[in-house]
Amino acid sequence: MTAKRCAACVLLSLITTKLLLQEIAVTQCVTTSLNLRLRQMPIDGLSCVELLSGENVVLRIRHKSALECNAIARKLLDTLHSAVLSLATEKDVSVQRVKGGYKVLIGDAEAILIDHVIARNSRSLVDKLANIVAERLKDLLRRPYLAVPIDEVTIGVGETKIIAILGTADGQWRVSVAPHDVASVSFDATTKMLRLSAFKAADGNAIVSCGNAKLTLPIRIRARAARLLRSPIAIATDTAPVEFTREAAINAILNSVERMPGAQLRFELLGKPSNDFPDEVLIARLKAYGAEYLPLDANAAIRILRIPPMRESAAALLVSNEPERIHTEQVLSAGMLPNTGKPIRLLYHHVNASGETLWLRLELFNTSENEAQIMAQFAHAGPITDEIHSGYTAVSMFLRRWFDGAAFVLELPPRSIYVLSESAMPAGTTITGLWEITPVVGGSLGYQIRATRERSQWRIIPLTAPIARDIPIKARQFAEPMKLITARHTVGSDWAFIHIGREPIRGLDKEHLHGNYGVIYRITVEVENNKDTISTYELAFMPNAGIARCAAIVDGEFVSAPLIRPSMEFVLKRWQIPPMRTNRHEIYIMPLPASYYPVSLILRSP
């Protein structure tokens, strides 16, 4: 029975000792061929921490306080790591007597203080124990070793990292990586630089040997949540406002960054676009993250290329305002853009009558297998509760940009949906928008305007479902939305009346565009003064069908009229003309959504 009990006690003791062995988690940023680590193993009722090199115990620290024991051991390990990074050898280890005990130093750094408490717990004298510890550390540093100031290489797929290898080892260098197909590794023995290039996502090790020293450095290869495929370039005209340049820059970033499936990408444009400098550059701050990916936090320089202003008459007009009042989620307008190679103008004017906030979204489809490019310009107003002001703001902004030839270039990836515009639309508010889109490269483009309860998660969305070329057009489409008018007035004679919106243009299915909203009127005026004195004449605005406002460009200058009632007048411009002289003026005007058209412009003199 005694023998059985002794065997059981020995077995229980071995099991208990094994369970008590515990690695101490240490936050370290050093990997060495010495494989230094700490392990906790209580002995005789005391806390004990072992310093190990590989599987060999270098020394043990005993203390009644587990907290104090761990702190001493951690300090010792940190000092050793710093020492090997500074290429310390056994000659750098020394013992110094101080008040209360002896310091064991590596160089000028204190590795451990041997006091009476530690000596008593180790059943030794203070000076004897200090010298024993010093000898153990000398034996450790006497061995040739390799070290790197990191505990792991984290690298993105397709990326390369250069790692400095430190240490006292000498001899023939050998490097390898395992698994061998996840990365390539090379080494420059002169500079002691390790070059690691990652191929695919995996976990592995880079192995570096020199003489008898062998260092195993863990590597973790993961795809980045996003990566920059190319240097982004944005294109806009010299006359483009900041809003256009920003849209071009955003488009350039979207088409230059590859986002991994399920990853989130955020970006911010730093700086303000300006066309005052020919070599303009914007900086985009990119941040991407995802559960299975390495994060991306980088800056991308966006080069802004400026091109001359471009003004061209639109070949077609698409109007989306039926239904004008939105009551629920729905597609408001959709169809393929006419493939004319000329600008296509799109006007939308909608009121949210649903009682809840909706998102009004304009999407452009590239249904082809090739990249498409378009030249674009736009004006947007709302959401606001004043319908007339919404229409006035959008048209007045669009007229000035169109007259200035302001535009920018957008790139649409193959088989993609590009969110051109998206705005939150609280209940009771109105949004008015005007776009002019000119296909430059690629010609299979469609569009959709819809109201939805959810905001789009991204500006570029893959087009997964096929879209037929003969998709039924859910929009009113009109050809050549430009009216050319000439008018003449002789000072002192009858007034000249120019009617805007009175004769509606006709659509493809024979419908009429009452009010001619979205149509640009180009009016050429001649005024003749046959008198022998200087005379005055003026251009006035007068509503005919109801309350209305006016926005126009007269001789390159923007003019407007406030909201007035029929039979009231507002003078837009007044001139003087010398005797026996003929003046010519050029006027551009567009009917304003929500204002009541037709209206009249009156050219008159006293």
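Structure: see above.
What you see is a predicted model, and the numbers here were worked out from it, not measured in a lab.

Moving on, we get to helix H4 (residues 126–142). When the terminal C-alpha atoms of H4 are compared, their 24 Å separation across 17 residues agrees well with the 24 Å that a helix rising 1.5 Å per residue should span. Taken together, the buried positions of H4 are Val 126, Leu 129, Ala 130, Val 133, Ala 134, Leu 137, Leu 140 and Leu 141. With its buried residues spanning 135° around the axis, H4 presents them on a single face.

All right, on to the pairing of strand E37 (residues 496–500) then. The alternating pattern of E37 places Ala 496, Ile 498 and Ile 500 on a buried face, while none of Phe 497 and His 499, on the opposite face, is buried. The sheet contact formed by E37 and strand E46 (residues 599–604) spans five bridges and is antiparallel. Looking at E46, one finds that Ala 496 is bridged to Leu 603.

Scanning all chains against the criterion turns up 33 salt bridges. Taking the shortest distance from any N to any O, the salt bridge between Arg 459 and Glu 247 comes out at 3.0 Å. Highlighted residues: Arg 459 in the loop between strand E33 (445–452) and strand E34 (460–462) and Glu 247 in helix H5 (residues 242–256), separated in sequence by 212 residues. For the residue pair Arg 459 and Glu 247, the accessibility class agrees, reading buried in each case. The partner of Arg 450 in a salt bridge is Glu 363, with the nearest N and O atoms 3.0 Å apart. Of this pair, Arg 450 sits in strand E33 while Glu 363 sits in strand E28 (residues 358–366), and the two are 87 residues apart along the sequence. Since its relative accessible area comes to 2%, Glu 363 is described here as buried. Through salt bridges with shared partners, a single ionic network connects Arg 361, Glu 363, Glu 422, Arg 450 and Arg 455.

A separate point is the nonpolar core. If you look at the biggest cluster of nonpolar residues, it comprises 57 residues, and the most contacted ones within it are Ile 302, Phe 408 and Trp 435. For this core, the leading source of residues is H5, giving seven residues. Core analysis: the next-biggest nonpolar cluster, separate from the first, contains 51 residues, Ala 379, Phe 541, Ile 587 and Tyr 588 among them.

What follows concerns the sheet that holds strand E11 (residues 160–164). Spatially, E11-E15-E14 is the arrangement adopted by the three strands of the open sheet, whose pairing is antiparallel. Two strands bound the open sheet, and with one partner strand each, they are E11 and strand E14 (183–188). Between one strand axis and the next, the sheet turns by 20° as a mean value, whatever way the strands run. In the sheet, E14 pairs with strand E15 (residues 193–198) via six bridges, with the strands oriented antiparallel. Pairing of Ala 183 across the sheet is with Ala 198, part of E15.

Further remarks concern unusual backbone geometry. With an omega of -5°, the peptide bond running from Ala 178 to Pro 179 counts as cis. Within the element layout of this structure, Pro 179 appears in the loop between strand E13 (173–178) and E14. Tyr 597 connects to Pro 598 through a cis peptide bond whose omega is 25°. Within the secondary structure, Pro 598 is located in the loop between strand E45 (581–589) and E46. You will see that Asn 516, though not glycine, has its phi angle at about 55°, which is positive. The topology assignment puts Asn 516 in the loop between strand E39 (512–513) and strand E40 (520–529). If you check the backbone angles, Asp 555 has positive phi at about 55° while not being a glycine. Mapping Asp 555 onto the fold places it in the loop between strand E42 (548–554) and strand E43 (557–564). With relative accessibility at 40%, the residue Asp 555 sits in the partly exposed group.

Thresholds applied
- Residues numbered from 1 in each chain as written.
- Predicted model: local features only at pLDDT ≥ 70, side-chain atom pairs only at ≥ 80, totals over all residues.
- Heavy atoms only, no water.
- Helix = DSSP H or I, 4+ residues; strand = E, 2+ residues; numbered from the N terminus.
- Expected span 1.5 Å × (residues − 1).
- Buried < 20%, exposed > 50% of the residue type's maximum accessible area, 1.4 Å probe, protein only.
- Arc of directions from axis to C-beta.
- Pairing = 2+ DSSP bridges.
- Salt bridge = Lys/Arg side-chain N within 4 Å of Asp/Glu carboxyl O.
- Core = buried A, V, L, I, M, F, W, Y, C linked by side-chain atoms within 4.5 Å.
- Axes fitted to C-alpha atoms, helices over the stretch in contact; angles between N-to-C directions.

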